[in-house]
Amino acid sequence: MGFFDFMTEDIAIDLGTANTLIIHNDKVVIDSPSIVARDRVSGKIIAVGKEANMMQGKTHENIKTIRPLKDGVIADFDASEKMISMFIKSIPALKKRMFTPALRMVVCIPSGITEVEMRAVKESCERVNGKEVYLIHEPMAAAIGIGIDIMQPKGNMIVDIGGGTTEIAVIALGGIVCDKSVKIAGDVFTNDIVYYMRTQHNLFVGEATAEKIKITIGAALEELETPPDEMSVQGRDLLTGKPKQVDVSYREIAKALDKSIQRIEDAVMETLSQTPPELAADIYNTGIYLAGGGSMLRGLDKRISQKTDLPVYIAEDPLRAVVRGTGMALKNIPKFRSILIK
C-alpha cells in the first residue's frame, strides 16, 4: 500500500450550486463560483470560477456562461466534469506533480437527491481520476463542520441554506432522523430581487447585480438593529430604455424576499413537527444551527427564532461549514464510515 499511498492525494469537495470549495491537506485551496464559460464555436471551456463569473451577463453569442449545477444536482454533465477537473488541476500542491495523482475524494450531496443524480456526481469524480469516491449528505457535513459530535444520542437541527437548495435535517446517532430539502435558497432570493426591481422600480437588473444587492443590503426582517446603508443600483430603465440608477433600502429587499423566506420557515416548522419527541426535547435545549451562504442574510436568525421560539445560531464562517465537515470526514474515514456513501 505504501507506494500507492504516496501516489494518492486526498481531497474534500463541496460541489455547490453557487460555489465549489475544495480542501486539500487541511486547507481550503479552491473557493470559486461554480460557473464555466464555453466557446460556442470550438466547444472549449475558456474560463472557470471567478474569471467566468465576471463574464456572467456580459457575453456575446460566441461565449456562453454555464452553471453546471442546478438545485444542488448536476444539470450539465460535461461542463461539471470539466469544471471539477480544472479546479483540481489548479490546486497549487498538485500543479507540481508530473501527472495527475489518483485521488481519494469525499464529496457532499444534497439529502433529497435521487440515485441517478448521485451516480452523476460519482461518475464525474471518477472521470477526473477519483479512485475512491465517498459521498456524504450535506446536512451531515455541515453538522460536523459546525463542530457538533454527531455520533452522540442527542438531537441537533441543521438548516443549511445554499445556492440551489435549503437542507433541513435533524441528526442523532450519526444519522439523519428526519429531513427536508426545499429548492428555495440563494438563487431564488436573487431572482426575487430581480423581479422586485422590475415591478417596483421599472429597473431591469442582471443576476450579478441582484446578487450584489442581496449581499450588500439583503435582509429577512424589516426592522434591523444595525441597518445597512442604502445602496445605489444601476440597471436599464424599462420605460425609457436608458441606463438609470435607483437607491434601494434593506427594507425593500426584506419585502422582496418575504415570500421565499416564509417557505423556508414553513419547511423548518414541518421538519420540527416530524421530529420524535425525545429529539424534540434535545432541540429545545440545543436550538437550531444555520449554515450556508443564505444564513448570512441579515436578521434571518432572529426571524427563524421568532417563528420557532428556539435559539438560532449561525455557524462561524457559514460558507465553509460544509466543506470543513467534508474535510473532517475525509481525515477520519474509519470513524465516519457509517455516514459515508460508497
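Not measured: the values here are computed from a predicted model.

**Thoughts on the UniProt feature "binding site: ATP" (unreviewed entry) in the protein chain**
UniProt's entry tags T17, A18, N19, G163, G164, T165, E211, K212, I213 and K214 with the feature "binding site: ATP" (unreviewed entry), counted in the numbering of this structure. Inspection of the secondary structure assignment puts A18 in the loop between β1 (8-15) and β2 (19-24). On the basis of relative accessibility, which here comes to 24%, the residue A18 falls in the partly exposed class. Not counting chain neighbours up to four residues away, the residues in contact with A18 comprise S32, P33, S34, R67 and G163. Here K212 shows up in helix α8 (residues 207-217).

**Looking at the nonpolar core**
Counting 46 residues, the largest nonpolar core has F189, M197, I213, V233 and I288 as the members making the most contacts within it. Of all the elements, helix α9 (residues 250-273) adds the most residues to this core, at 9 residues. Formed jointly, this core draws a minimum of three residues from each of two domains, domain 1 (149-184 + 262-319) and domain 2 (186-256). Setting aside chain neighbours within four positions, we find I288 in contact with M157, V159, V268, I304, T308, L310, P311, V312 and Y313. If you look at the next biggest cluster of nonpolar residues, it comprises 30 residues, including I74, A79, V107 and V133.

**Concerning the sheet that holds strand β16 (residues 243-248)**
Ordered in space as β14-β15-β16, the 3 strands form an open sheet in which the pairing is antiparallel. Single-partner strands in this sheet number two, and they are β14 (203-204) and β16. Pairing of β14 with strand β15 (residues 231-237), which is carried by 2 bridges, proceeds in the antiparallel orientation. The residue of β15 that forms the bridge with F204 is R236.

**Comments concerning the side chain of S80**
Position of S80 relative to the elements: it lies in helix α3 (residues 77-89). What makes S80 buried here is its relative accessible area of 1%. In contact with S80, not counting residues within four places along its chain, are P68, I74 and S124.

**Details of unusual backbone geometry**
If you check the backbone angles, D71 has positive phi at about 55° while not being a glycine. Even without being glycine, D317 reaches a positive phi, approximately 50°. For D317, the location among the structural elements is in the loop between β18 (312-314) and α12 (321-331). D317 gets classed as partly exposed once you look at its relative accessible area, which sits at 40%.

**Examining the side chain of T275**
Take T275: it is sitting in the loop between α9 and α10 (277-286). Take T275: its relative accessible area is 10%, and that puts it in the buried class. Of note is the side chain of T275, whose polar atom sits 2.8 Å from the backbone oxygen of T271. The contact partners of T275, leaving out residues within four places of it in the chain, are V170, C178, A280 and I283.

**A few points about the packing of α9 against helix α11 (residues 300-308)**
In contact at an axis separation of 10 Å, α9 and α11 are set at 45° when each is read in the N-to-C sense. Compared by their axis directions, α9 and α11 come out oblique. Relative to α11, α9 is oriented so that their crossing is right-handed. Each of D258, I261, Q262, E265, D266, V268, M269 and L272 in α9 lies in contact with α11, whose residues at this interface are L300, R303, K307 and T308. Its residues placed into classes, the contact of α9 with α11 shows 5 nonpolar, 2 polar and 5 charged.

**Digging into the domain arrangement of the protein chain**
Each domain of the protein chain was delimited in the assignment, giving domain 1 (149-184 + 262-319) and domain 2 (186-256). Taking only C-alpha atoms into account, the centre of domain 1 sits 28 Å from that of domain 2. Counting residues at the interface gives 14 residues for domain 1, matched by 15 residues for domain 2. Both faces combined, the contact of domain 1 with domain 2 buries some 1,100 Å², and carbon together with sulfur accounts for 61% of it. The tally of links from domain 1 across to domain 2 stands at 1 salt bridge. The closest approach of N and O atoms between K302 and E225, which form a salt bridge, is 3.5 Å. Where domain 1 packs against domain 2, one counts 9 residue pairs in polar contact (both at pLDDT 80 or more). Considering each element in turn, the side of domain 1 that touches domain 2 owes the most residues, 4 residues, to α11.

Cut-offs used in this document
- Residues numbered from 1 in each chain as written.
- Predicted model: local features only at pLDDT ≥ 70, side-chain atom pairs only at ≥ 80, totals over all residues.
- Heavy atoms only, no water.
- UniProt positions renumbered as here; feature names shortened; annotations may be inferred.
- Helix = DSSP H or I, 4+ residues; strand = E, 2+ residues; numbered from the N terminus.
- Buried < 20%, exposed > 50% of the residue type's maximum accessible area, 1.4 Å probe, protein only.
- Contact = heavy atoms within 4.5 Å.
- Core = buried A, V, L, I, M, F, W, Y, C linked by side-chain atoms within 4.5 Å.
- Domains from an automatic or database assignment.
- Pairing = 2+ DSSP bridges.
- Polar contact = N/O pair within 3.5 Å; in protein donor to acceptor, adjacent residues only side chain to side chain.
- Axes fitted to C-alpha atoms, helices over the stretch in contact; angles between N-to-C directions.
- Parallel < 35°, antiparallel > 145°, perpendicular 65-115°, else oblique.
- Left-handed = near helix turned anticlockwise from the far one by under 90°.
- Nonpolar A, V, L, I, M, F, W, Y, C, P; charged D, E, K, R; others polar.
- Buried area = accessible area lost by both parts, 1.4 Å probe.
- Salt bridge = Lys/Arg side-chain N within 4 Å of Asp/Glu carboxyl O.

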